[in-house]
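Per-entry structural report
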Amino acid sequence: MSERLTADVAIIGGGLMGCSAALALRRMNLSVVLLEQGWCGAQASGVNYGGVRRQGRPVVQLPLSQRAYAIWQRLPQLIGSDCEYAISGHLKLARNEAELASLEDYRGQADGFGLQLEILGREALRQRYPWLGENIAGGSLCPGDGHANPRLVAAAFALAARNHGADLREGTTVESAVFDGRQFTVCAAGGLEVKAKFLLNCAGAWGAKFAEQFGEQVPEYPIFPNMWVTEPMPKLVEPNVGIVGGGFYVRQVARGNFVLGGGRGTGQLAIASTRPDSAAMFASMRMACEFIPALRNALVIRSWTGVEGALPDHQPVLGPSVTTPGLFHAFGFSGGGFQLAPAVGEVLADLVAHGATATPIEAFSIGRFNAAS
Ligand SMILES: Cc1cc2nc3c(=O)[nH]c(=O)nc-3n(C[C@H](O)[C@H](O)[C@H](O)COP(=O)(O)OP(=O)(O)OC[C@H]3O[C@@H](n4cnc5c(N)ncnc54)[C@H](O)[C@@H]3O)c2cc1C
């Protein structure tokens, strides 16, 4: 069976980046066909930790992150659900004076971006958070940061995009995409062909494969962050908690379960197979128990991982292709794209509609890999 579609914009990938872009484009009245090989939001976007965090991001990401932060505040109006988004604060712990100094240094770098970081010494920290363990030198609190349920967010963006008229095709694997100097022809398994003036490469860990089809080489590699969740426990921990160096991160949801992350699992991109690594997970859990002793009695009920595209400088590729007019990339978010995604969608829509965006994205250019040949 063959089917031919025409749209202003074709999107490869129905993760959060693709779905938020589809919604933003529809809000500008541009026609959209989005092609997703599986289900929208079933890859990284749906299985991540759920940290909605600006603290700790490289400073070049903060304008994009701040734009996203503003959108997170109006999720119910935008996508019809708050997706369990909670402004809980994000607390980053320091084990020693050197780590505390690095948090103070970061506060200086992030000054002027509106994060309102508060540095807390050992005593102030233990007074405010009596559930913390002994060996902590201090911490940094970003009061406006928080967390949300990743299983809800991408699905809600996908539904909102569809309700606004985007044509979302799930179970549709893109096999090739070419540009004839005037428009793109995107071919998917099953005989679907989409012609569009613009193409968005939102293929996550598979993004470099599509960039390569347009002569752009990107050293993207897959990472598989470990995740696990405990049984519900009495409510104890308000903020989303991490530690300098990222050895573990933990948040407690309204139902009482603790969601934790730390270390890396394994997987094979070609067959989208992923597994958490139990040794890495136990090491992270031991560290988490040291800093939050109440976790020592927690029963872990499930563990998992997912596949995320990463780049050597830990910055995404976001912006125009350097080889092909009308092609825009948004992939390789290196473990930090959940919070950014609502703004990434708007930035992509800006680029399509106006050829430019007010949000600084130069640091994310695909040109930094000298892709043009
Ligand atoms: C375990 C884990 C924990 C994380 N924790 C956090 C966190 O706490 N905070 C944070 O900010 N970020 C976090 N991240 C990162 C965040 O989840 C990602 O950066 C973000 O979801 C990336 O969105 P995406 O749309 O680019 O990718 P994806 O969600 O992977 O979407 C890409 C989509 O492209 C589709 N696709 C690929 N090839 C094709 C093809 N040929 N045809 C059609 N479709 C195709 C895929 O099926 C997939 O659905 C985490 C990631 C993981 C894996």
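An unreviewed UniProt entry annotates the protein chain as FAD binding domain protein originating from Collimonas arenae.

The next subject is the site of the ligand. What surrounds the ligand is a group of 35 residues, the closest being Glu36, Ser45, Val174, Glu308 and Gly337. One of the side-chain nitrogen or oxygen atoms of Glu36 is found 2.7 Å away from an oxygen atom of the ligand. At 3.1 Å, a side-chain N or O of Asn48 approaches an oxygen atom of the ligand. Contact with the protein chains covers 98% of the free accessible surface of the ligand, which is 1000 Å². Broken down by secondary-structure element, the contributors of at least two residues to the shell around the ligand are α1 (16-27), α2 (44-47), β13 (225-232) and α10 (337-354). Of the residues that constitute the shell around the ligand, the class distribution is 15 nonpolar, 17 polar and 3 charged. When residues of the shell around the ligand are assigned to domains, at least three map to each of domain 1 (4-50 + 151-218 + 312-369) and domain 2 (88-146 + 222-310).

Evaluated as defined, the whole model comprises 15 salt bridges. Three or more residues are tied together by salt bridges with common partners; here these are Arg67, Arg74, Glu346 and Asp350.

For the rest of this paragraph, the subject is the layout of surface pockets. As a volume, the second largest pocket reaches approximately 410 Å³. Residue assignment for the lining of the second largest pocket shows that the elements contributing at least two residues are α2, α7 (150-163), β15 (249-252), β16 (257-264) and β19 (300-304). Of the residues that constitute the lining of the second largest pocket, the class distribution is 10 nonpolar, 7 polar and 7 charged. Three or more residues apiece are contributed to the lining of the second largest pocket by two domains, here domain 1 (4-50 + 151-218 + 312-369) and domain 2 (88-146 + 222-310).

Two packed helices can be described by the angle between their axes and the distance between those axes. Where α1 contacts α10, the two axes come as close as 7 Å, and the packing angle between them is 45 degrees. Here α1 lies oblique to α10, going by the angle between them. Our pair here, α1 against α10, has a crossing hand that is right-handed. Along the contact surface, α1 presents Leu16, Met17, Ser20, Ala21, Ala24 and Leu25, while α10 presents Gly337, Phe338, Ala341, Pro342, Val344, Gly345, Glu346, Leu348, Ala349 and Val352. Its residues assigned to classes, the contact of α1 with α10 shows 12 nonpolar, 3 polar and 1 charged.

Let us now look at the pairing of strand β14 (residues 240-243). With burial as the criterion, each face of β14 is covered, one bearing Asn240 and Gly242 and the other bearing Val241 and Ile243. Inspection of the sheet shows strand β4 (residues 90-94) paired to β14 by 4 bridges, in the parallel sense. Each bridged residue has a counterpart across the sheet, and for His90 the counterpart in β14 is Asn240. With 2 bridges joining them, β14 and β15 adopt antiparallel strand pairing. Bridged to Val241 within β15 is Val250.

Right, let's get into the packing of aromatic side chains. What the rule picks out here adds up to 8 aromatic pairs. Between the aromatic rings of Tyr49 and Tyr249, the centroid separation amounts to 4.7 Å while the plane-to-plane angle is 80 degrees, which identifies the pairing as edge-to-face. Here Tyr49 is found in the loop between α2 and β3 (51-52), whereas its partner Tyr249 is found in strand β15, with 200 residues between them in sequence. Overall, the relative accessible area of 9% leaves Tyr49 in the buried class. Overall, Tyr249 belongs to the partly exposed group, its relative accessible area being 23%. Seen in terms of ring centroids, Trp72 and Tyr85 are 5.2 Å apart; in terms of plane orientation they differ by 40 degrees. Their pairing is tilted. Taken together, the positions of Trp72 in helix α3 (residues 62-72) and Tyr85 in the loop between α4 (75-79) and β4 put the pair 13 residues apart, joining distant regions of the chain. Looking at Trp72, the relative accessible area reads 2%, which means it is buried.

Each value, and the rule that gives it
- Note on numbering: residues in each chain are counted from 1, in written sequence order.
- Local features are withheld for residues below a pLDDT of 70 in this predicted model, meaning they are given only at 70 or higher, and side-chain atom pairs are given and counted only at 80 or more; totals for whole chains, interfaces and linings count all residues.
- The side-chain numbers reported here are obtained from all heavy atoms of the structure, hydrogens and water having been left aside.
- One heavy atom within 4 Å of a molecule or strand makes the whole residue count as near it.
- What qualifies as a polar contact is a pair of N or O atoms within 3.5 Å, subject to a donor-acceptor requirement within protein and to the restriction that residues adjacent in sequence count only when both atoms come from side chains.
- What sets the accessible areas is the Shrake-Rupley method with a 1.4 Å probe; for residues, cover comes only from the shown protein chains.
- Labels follow the DSSP assignment, with helices taken as runs of H or I lasting at least four residues and strands as runs of E lasting at least two, numbered in each case from the N terminus.
- Each residue gets one label: Ala, Val, Leu, Ile, Met, Phe, Trp, Tyr, Cys and Pro are nonpolar, Asp, Glu, Lys and Arg are charged, and the others, such as Gly, are polar.
- Residue ranges for the domains originate in an automatic or database domain assignment.
- What makes a salt bridge here is a side-chain nitrogen of Lys or Arg within 4 Å of a carboxyl oxygen of Asp or Glu, nothing more.
- Think of a 1 Å grid over the protein atoms and nothing else: a 1.4 Å probe that fits but is trapped marks a cavity, an open set flanked by protein within 12 Å on at least five of seven lines marks a pocket, and residues with an atom within 4 Å of a point count as lining.
- Grid points are joined across faces, edges and corners, and a volume is the space filled by probe spheres set on the points.
- The axes used here are C-alpha line fits, helices contributing only the stretch in contact, and every angle between their N-to-C directions lies in the interval 0 to 180 degrees.
- Each angle gets one of four labels, with under 35 degrees taken as roughly parallel, over 145 as roughly antiparallel, 65 to 115 as roughly perpendicular, and the rest as oblique.
- Put simply, a crossing is left-handed when the front helix is turned counterclockwise from the back one by less than a right angle, and right-handed when it is turned clockwise.
- The contact definition used throughout considers only heavy atoms, calling two residues in contact when any of these lie within 4.5 Å.
- For each residue, the accessible area found with a 1.4 Å probe, counting protein chains only, is set against the maximum for its type, and the residue is called buried under 20%, exposed over 50%, and partly exposed in between.
- Two strands are counted as paired when DSSP detects at least two bridges linking them.
- Stacked, edge-to-face and tilted labels apply to pairs of Phe, Tyr and Trp rings (six-membered ring for Trp) whose centres lie within 6.5 Å, assigned for plane angles under 30 degrees, over 60, and everything in between, in that order.

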